[in-house]
Amino acid sequence: MPLIRKATTTDAWQLTKLAEHTFRDTFETMNTPEDMNLHCGTHYSEAIQTREILDPELTTLVCEQKHELIGYAQLRGGEPPPCVKATRPFEILRLYVTKEWHGKGIAQDLMTESISIAEAQDADQIWLGVWERNPRAISFYKKFGFVEVGDHVFPLGTDPQRDIIMVCPIKPSKSCTS
């Protein structure tokens, strides 16, 4: 059974490979090789993943099966974009699962754990950005009760892309779907 836990620095190399692999798997066919390479080269390295794991403002969760990472999520508190109307917002920066594990509940488990962490941090709302051309992810987030409230630019290499901003209220002792 897959295990979800907080990442440690010993996960950095494997997390680097997982992060780049899942990002490319999700977006490579819809973007130029140059933009993909630029993005991946500036966002995924062992040093970057180590720094993110050690950052007290970030929480990085990994999901592993037989010592292999198969999914991850990354979260943080902090200042949201103006369209997010929350007193104590929490952001899901990344949530990815390898294609081999799609449809097996891993993404749901990572989302549930992410919501629990936000709730434990006394967040009143959880938010995220999702590419407007990623209907699978948008549908997944809607199932958790997320709704669109705005947008922002996500620079993928040299290509400024539109991300939809989605939010979900967090109620004490309830998930976003309650």
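The text that follows walks through the structure, step by step, so that each part is easy to find. (Residues numbered from 1 in each chain as written. Predicted model: local features only at pLDDT ≥ 70, side-chain atom pairs only at ≥ 80, totals over all residues. Heavy atoms only, no water.)

### Re the sheet that holds strand β4 (residues 89-97)
Working step 1: Spatially, seven strands are ordered β1-β2-β3-β4-β5-β7-β6 in an open sheet, and the strand pairing comes out mixed. At either margin of the open sheet sits one strand with a lone partner, and together these are β1 (3-6) and β6 (147-156). Averaged over all pairs of adjacent strands, the angle between their axes in this sheet comes to 25 degrees, without regard to strand direction.
Working step 2: The sheet strands contacting helix α1 (residues 12-27) are β2 (58-65), β3 (68-77), β4, β5 (125-131) and β6, and the helix crosses β3 at an angle near 90 degrees. (Pairing = 2+ DSSP bridges. Helix = DSSP H or I, 4+ residues; strand = E, 2+ residues; numbered from the N terminus. Axes fitted to C-alpha atoms, helices over the stretch in contact; angles between N-to-C directions. Contact = heavy atoms within 4.5 Å.)

### Concerning the packing of α1 against helix α3 (residues 46-54)
Working step 1: Contact geometry of α1 with α3 gives a least axis separation of 8 Å together with a crossing angle of 110 degrees. If you check the angle between α1 and α3, you find them roughly perpendicular. Residues Ala-12, Trp-13, Leu-15 and Thr-16 of α1 form the contact with α3, whose participating residues are Glu-46, Gln-49, Thr-50 and Ile-53.
Working step 2: For the contact of α1 with α3, the per-class residue count stands at four nonpolar, three polar and one charged. (Parallel < 35°, antiparallel > 145°, perpendicular 65-115°, else oblique. Nonpolar A, V, L, I, M, F, W, Y, C, P; charged D, E, K, R; others polar.)

### A short note on the side chain of Gln-74
Working step 1: Locating Gln-74 in the fold gives a position in strand β3.
Working step 2: Judged by its relative accessible area of 2%, Gln-74 is buried.
Working step 3: Of the polar contacts made by the side chain of Gln-74, one reaches the side chain of Thr-60; its length is 3.1 Å.
Working step 4: The residues touching Gln-74, leaving out its near neighbours within four places in the chain, are Glu-52, Leu-58, Thr-59, Thr-60, Glu-91, Ile-92, Leu-93 and Arg-94. (Buried < 20%, exposed > 50% of the residue type's maximum accessible area, 1.4 Å probe, protein only. Polar contact = N/O pair within 3.5 Å; in protein donor to acceptor, adjacent residues only side chain to side chain.)

### Notes on helix α2 (residues 33-43)
Working step 1: Three or more residues of α2 are buried, namely Asp-35, Met-36, His-39 and Cys-40. One side of α2 holds all its buried residues, which, seen down the axis, span an arc of 120 degrees. Away from its buried face by more than 90 degrees, α2 exposes Pro-33, Glu-34 and Gly-41.
Working step 2: Its buried side turned inward, α2 meets α1, β6 and β7 (159-169). (Arc of directions from axis to C-beta.)

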